[in-house]
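Here is what each chain is made of, one letter per residue.
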Amino acid sequence: MPDETTKPPVGRFAPSPTGALHTGSLATAVASWLMARSAGGRWLLRIDDLDVPRQVPGMADDIMETLELFGLYWDGEISWQSSNREAYQHYFSELLATGLVYPCGCSRREIAQAASAPHPDDDCLPYPGTCRDGMREGATVRSWRLRVPPEQVCFHDLHKGMICQHLGERCGDFAVRRGDGEIAYQLAVVVDDHLTGVTQVVRGEDLLPSTPRQVYIQGLLGLESPAYCHIPLVTGPGGAKLSKRDNLVSHHLGSWRGKEGTLLLGVLRFLGQEPPRDLVGAPCDEILRWAAGCFDITRLPVAGGELVVSPGS
Ligand code: GLU
């Protein structure tokens, strides 16, 4: 665990440029900004642009503009995953050297068919270990998998408390590199956070299930794990998954223009903070200054929910 008592944290926000920020990702950005700034720390911006086919041109700029509009300024240069490929290969070689990584020739469909139980969600298909002792003859390498340990992997989440997961039951040996050489998210994110000296990762709880895999990789590579804090998600009405299309912040800038503070106050209320009434109508930097001055992690919501706010309020 990083020594939070002596050093101010280095936090980060790491959006993928696959779409504009929606109210949910804005809430995550605000939460990570507040966690870092309220402790006198730095806040970095990284664009997770490895997954080229899913990217939408112009979205990285759109995200940056939206962050700036809300006064969420980052420190230093923006980092781009696509510039880190050499480092990824270096750490992939380190993992190879542990003897725990092996090539796998299974397709996604084969893995899905072999799964004995329905998988809990889309974050991973439980891999049955088909190629653990070698690929079938003539098969092409589709991924490089990391053997998971027989025991649970645990970490302490600043909001959720102790989280333990048996990786074998959850996802089995998981991919750290694709057959075409592209590094998988689980390894990339570990390397990125290490390279930029990130000590505090605040993100949506949809990523909570993949964190034990990252903690496991950090242990194998001898890297210190950052402190983690997973935030409940903003949902649509009745707890439905947020419809990204309906909640894109920048698409509504016409109607929000000049009222960004109203949305920001809604985000703070969603995060359990209680902005005083006299901040209504205040500019974002003033609201953020107030919020950083009295941010209280114990007030974060236990469960997700709607972020209710309207430009007219
Ligand atoms: N880029 C990821 C996403 O947008 C987040 C990565 C992370 O926070 O670790 O879902």
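Residues numbered from 1 in each chain as written. Predicted model: local features only at pLDDT ≥ 70, side-chain atom pairs only at ≥ 80, totals over all residues. Heavy atoms only, no water.

Where an unreviewed UniProt entry is consulted, the protein appears under the name Glutamyl-Q tRNA(Asp) synthetase, with the organism given as Oryzomonas rubra. The record in UniProt for the protein states the following under Function (unreviewed entry): "Catalyzes the tRNA-independent activation of glutamate in presence of ATP and the subsequent transfer of glutamate onto a tRNA(Asp). Glutamate is transferred on the 2-amino-5-(4,5-dihydroxy-2-cyclopenten-1-yl) moiety of the queuosine in the wobble position of the QUC anticodon." Under the UniProt heading Sequence similarities (unreviewed entry), the entry covering the protein gives this text: "Belongs to the class-I aminoacyl-tRNA synthetase family. GluQ subfamily." (UniProt positions renumbered as here; feature names shortened; annotations may be inferred.)

Caption draft 1: Just the packing of aromatic side chains, in detail. Applying the stated rule across the entire model yields three aromatic pairs. For the pair Phe92 and Trp144, a centre-to-centre distance of 5.8 Å together with 80° between the ring planes defines the contact as edge-to-face. You can see Phe92 sitting in helix H3 (residues 85-97) and its partner Trp144 sitting in strand E5 (residues 143-146), a full 52 residues away along the chain. Just as Phe92 is buried, Trp144 falls in that class too. Here the aromatic rings of Phe155 and Tyr228 are separated by 5.5 Å at their centres, their planes lie at 70°, and the arrangement is edge-to-face. (Phe/Tyr/Trp six-rings, centres within 6.5 Å; stacked < 30°, edge-to-face > 60°. Helix = DSSP H or I, 4+ residues; strand = E, 2+ residues; numbered from the N terminus. Buried < 20%, exposed > 50% of the residue type's maximum accessible area, 1.4 Å probe, protein only.)

Caption draft 2: Focus on the site of the ligand. The environment of the ligand is formed by Arg12, Ala14, Pro15, Ser16, Asp48, Tyr185, Val189, Arg203 and Leu207. Take Ala14: an N or O atom from its main chain is 2.7 Å from a nitrogen atom of the ligand. Here Arg203 contributes a side-chain N or O atom positioned 2.7 Å from an oxygen atom of the ligand. In isolation the ligand offers 300 Å² of accessible surface; the protein chains occlude 78% of this area. Taken together, the residues that form the shell around the ligand break down as five nonpolar, one polar and three charged. (Near = heavy atom within 4 Å. Polar contact = N/O pair within 3.5 Å; in protein donor to acceptor, adjacent residues only side chain to side chain. Areas by Shrake-Rupley, 256 points an atom, 1.4 Å probe, with all protein chains shown as cover. Nonpolar A, V, L, I, M, F, W, Y, C, P; charged D, E, K, R; others polar.)

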